[in-house]
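# Coordinate analysis (summary)
The residues making up each chain are set out below.
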Amino acid sequence: MQAAHDEVTAPRRPMSRFNRFFVHWLASPLGFLSGRAMLVRYQGRISGRQFRLPVNVSRYEDDYLISVGHFEAKTWWHNFTSPWPIELVRGPKTIRGSANVVLGSTGAGQRIAQDYFGRHHGAAKRAGLPRFWKGEPVTPEQLAAAAATKVFVLVTPER
């Protein structure tokens with residue numbers, strides 16, 4: 001997967017004006033008002049460059065979870081195919097830890113997806129599980145198919 005790293009193979013798209021604003025907002029003292037949004041800071045595994053991007057973060061057990069939206073069009077997450085340092089920032093709070101990719105197609109990814117879809121109804125609906133959170137029965141096959149559409153970055157904070 002080394003060739004898939006964004007800073008090596010993919011041309012860098014300029015960050016949108018909204019994302020540039022949001023990166024600064026999340027790092028500001030008012031960033032704590034941003035709900036689930038946090039700023040991810042990491043060093044590129046190959047280039048050594050510093051990257052910052054806004055993401056939505058949720059809790060998963062004692063860790064933090066980033067669901068990579070449209071993962072097929074994004075490559076930043078490839079830096080975390082094995083554990084790699086990361087920081088999550090919201091306002092004055094910085095969480096340092098190690099991040100690792102969990103593919104939804106794996107057993108661990110399916111367990112994470114089940115929890116994620118149960119708490120994020122829009123994501124469940126987009127993945128073909130429109131009433132999952134209301135207790136509608138889901139077969140293991142349906143869950144596996146929905147989970148396979150997801151890539152998660154699991155952040156374990158330093159303890």
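Described below are features of the structure shown in this document. (Residues numbered from 1 in each chain as written. Predicted model: local features only at pLDDT ≥ 70, side-chain atom pairs only at ≥ 80, totals over all residues. Heavy atoms only, no water.)

## Quick look at helix H2 (residues 107-119)
The first and last C-alpha atoms of H2 sit 19 Å apart over 13 residues, in line with the 18 Å expected at 1.5 Å per residue. Inspection of H2 places Gly109, Ile112, Ala113, Tyr116 and Phe117 among the buried residues, and these make up the whole buried set. Considered in projection along H2, the buried side chains sweep an arc of 130° and stay on one side of the axis. Taken together, the buried residues of H2 touch strand E2 (50-60), strand E3 (63-67), strand E5 (93-103), helix H3 (121-126), helix H4 (140-147) and strand E6 (151-157). (Helix = DSSP H or I, 4+ residues; strand = E, 2+ residues; numbered from the N terminus. Expected span 1.5 Å × (residues − 1). Buried < 20%, exposed > 50% of the residue type's maximum accessible area, 1.4 Å probe, protein only. Arc of directions from axis to C-beta. Contact = heavy atoms within 4.5 Å.)

## Some remarks on the pattern of salt bridges
Taken as a whole and judged by the stated rule, the model has 4 salt bridges. Residue Glu87 pairs with Arg41 through a salt bridge whose shortest N-O separation is 2.7 Å. Note that Glu87 is positioned in strand E4 (residues 84-90) and Arg41 in strand E1 (residues 37-43), a separation of 46 residues in sequence. Classification of Glu87 by relative accessible area gives buried; the value is 19%. Take Arg41: its relative accessible area is 26%, and that puts it in the partly exposed class. Taken together, the shared-partner salt bridges connect Arg41, Glu87 and Arg96 into one network. (Salt bridge = Lys/Arg side-chain N within 4 Å of Asp/Glu carboxyl O.)

By themselves, these are just geometric observations and shouldn't be taken as functional.
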